[in-house]
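# Residue-level structural notes
Below, each chain spelled out in residue letters.
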Amino acid sequence: FSEMSTLSDFTSIKIPFLIEKIVGNIIDSLSPIESIILKYASVIGKTFDIDTLYTISTDSQLSFENLVKVIYSFHFNGIIDILYDLDVMKIVARFSVPFLREVLYQRMTVETRNSIHFTIARKMLVTRSSYLPIKKELIVLKSHLIEAERSISERMSKSKHKDTNDSTEKKNQNMYVSKEL
């Protein structure tokens, strides 16, 4: 299931300025709640279901009914394609604007992505996805756990690197002060 295995790939690619500008204008034209919903969806994957989206976005004080309205609004505005909507509780959609998911994902902080990946993984451990075969679901779960762990490792590495630089800088300052004396 290559969709999830490429998450780390598109966090490191440089999106061309013109594409980022065009897609950025779409994102910037959204209301804050619409932007948050799409950011959460970008972490779920290119294809996402409303149940998972609602589960991870409950902190936004958004009712399920309003989430459905926002999803249909995205669909009518050409931002997403709805793949399945025979049962409102099981709507499945995907991003239709090229690079929208990647720009949304890259605009989030590592901590935010990490938190959302963990929330998705916890949800997947409790309930089965309604639209993925079991093997693909396990691959997606593994990918979310790996991304969450990778985010933590990167943060720890940056922190350790910063501590080392701070320590080296203090030694250099001490050497400079001792030379003056």
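Residues numbered from 1 in each chain as written. Predicted model: local features only at pLDDT ≥ 70, side-chain atom pairs only at ≥ 80, totals over all residues. Heavy atoms only, no water.

Counting secondary structure elements, the protein contains nine helices and three strands. Ordered by position from the N terminus, the helices and strands of the protein form the series α-α-α-α-β-α-α-β-β-α-α-α. Out of the 181 residues in the protein, the part that is buried amounts to 38%. Here the contacts in the protein between residues at least 6 apart in sequence split such that 64% fall between residues at least 24 apart. Total accessible area computed for the protein in this model is approximately 10,800 Å², and 58% of it derives from carbon and sulfur atoms. (Helix = DSSP H or I, 4+ residues; strand = E, 2+ residues; numbered from the N terminus. Buried < 20%, exposed > 50% of the residue type's maximum accessible area, 1.4 Å probe, protein only. Contact = heavy atoms within 4.5 Å. Areas by Shrake-Rupley, 256 points an atom, 1.4 Å probe, with all protein chains shown as cover.)

Reading across from one edge, β1-β3-β2 is the order of the three strands in this open sheet, with antiparallel pairing throughout. Strand pairing shows two members of the sheet lacking a second neighbour, β1 (47–49) and β2 (80–84), which therefore form its edges. Strand-to-strand, the axes of this sheet are offset by a mean angle of 30 degrees, without reference to chain direction. (Pairing = 2+ DSSP bridges. Axes fitted to C-alpha atoms, helices over the stretch in contact; angles between N-to-C directions.)

Right, let's talk about the environment of A41 for a bit. Tracing the sequence through the fold places A41 in helix α4 (residues 32–44). Judged by relative accessible area, A41 falls into the buried class, the value being 0%. A41 sits 15 residues away from I56 along the chain, and the two C-alpha atoms are 9.3 Å apart. Filtering out sequence-adjacent residues up to four positions away, A41 remains in contact with F48, L53 and F95.

Turning to the packing of aromatic side chains, a few remarks are in order. The final tally for this structure, using the stated rule, is three aromatic pairs. Measuring from ring centre to ring centre gives 5.3 Å for Y54 and F64, while their planes differ by 85 degrees; the resulting arrangement is edge-to-face. Note that Y54 is positioned in helix α5 (residues 50–56) and F64 in helix α6 (residues 64–76), a separation of 10 residues in sequence. Among the residues examined, Y54 registers a relative accessible area of 27% and is labelled partly exposed. The exposure class of F64 is buried, given its relative accessible area of 12%. (Phe/Tyr/Trp six-rings, centres within 6.5 Å; stacked < 30°, edge-to-face > 60°.)

Here we come to the pairing of strand β3 (residues 92–95). Pairing geometry for β1 and β3, over three bridges, is antiparallel. Note that in β3 the partner of F48 across the bridge is A93. Sheet topology places β2 next to β3; four bridges connect them, and they run antiparallel. What sits directly across from D81, in β3, is R94.

Among the secondary structure elements, V70 is positioned in helix α6. The residues touching V70, leaving out its near neighbours within four places in the chain, are E34 and I37.

All right, on to α4 then. What sets the pattern is the α-helix's 3.6 residues per turn: residues three or four places apart point alike. Across its 13 residues, α4 extends 19 Å between first and last C-alpha, which sits within 8% of the 18 Å expected from 1.5 Å per residue. Within α4 the residues assigned to the buried category are E34, S35, I37, L38, Y40, A41, S42, V43 and I44. In the segment just after α4, G45 is the residue with positive phi, at about 150 degrees. (Expected span 1.5 Å × (residues − 1).)

Before going further, it helps to examine the confidence of the model for the protein. Taken as a whole, the protein shows an average pLDDT of 77; of its residues, 62% reach a score of 70 or greater. Per-element confidence in the protein is highest for α6, whose mean pLDDT is 93, and lowest for helix α1 (residues 2–5), whose mean pLDDT is 42. Contacts for the low-pLDDT stretch residues 1–6, under 50 throughout, to residues beyond four places or in other chains number 16 contacts. (pLDDT = per-residue confidence, 0-100.)

Let us now look at unusual backbone geometry. Look at F99: it is not a glycine, yet its phi comes out positive at around 70 degrees. By the secondary structure assignment, F99 is in the loop between β3 and α7 (100–107). On the accessibility criterion, F99 (34% relative accessible area) is partly exposed.

A few words on a nonpolar patch on the surface. The grouping of L83, Y84 and L86 at the surface amounts to a nonpolar patch, some 330 Å² of accessible area in total. We classify L86 as exposed; its relative accessible area is 75%. (Patch = residues over 30% accessible without salt bridge, like charges linked within 9 Å, V, L, I, M, F, W, Y side chains within 5 Å. Salt bridge = Lys/Arg side-chain N within 4 Å of Asp/Glu carboxyl O.)

With that settled, the discussion passes to the nonpolar core. The biggest cluster of nonpolar side chains holds 36 residues, and the ones touching the most others in it are L38, F48, L53, I71, F74, I80 and L100. Of all the secondary-structure elements, those providing two or more residues to this core are α3 (17–28), α4, α5, α6, β2, β3, α7 and α8 (110–126). (Core = buried A, V, L, I, M, F, W, Y, C linked by side-chain atoms within 4.5 Å.)

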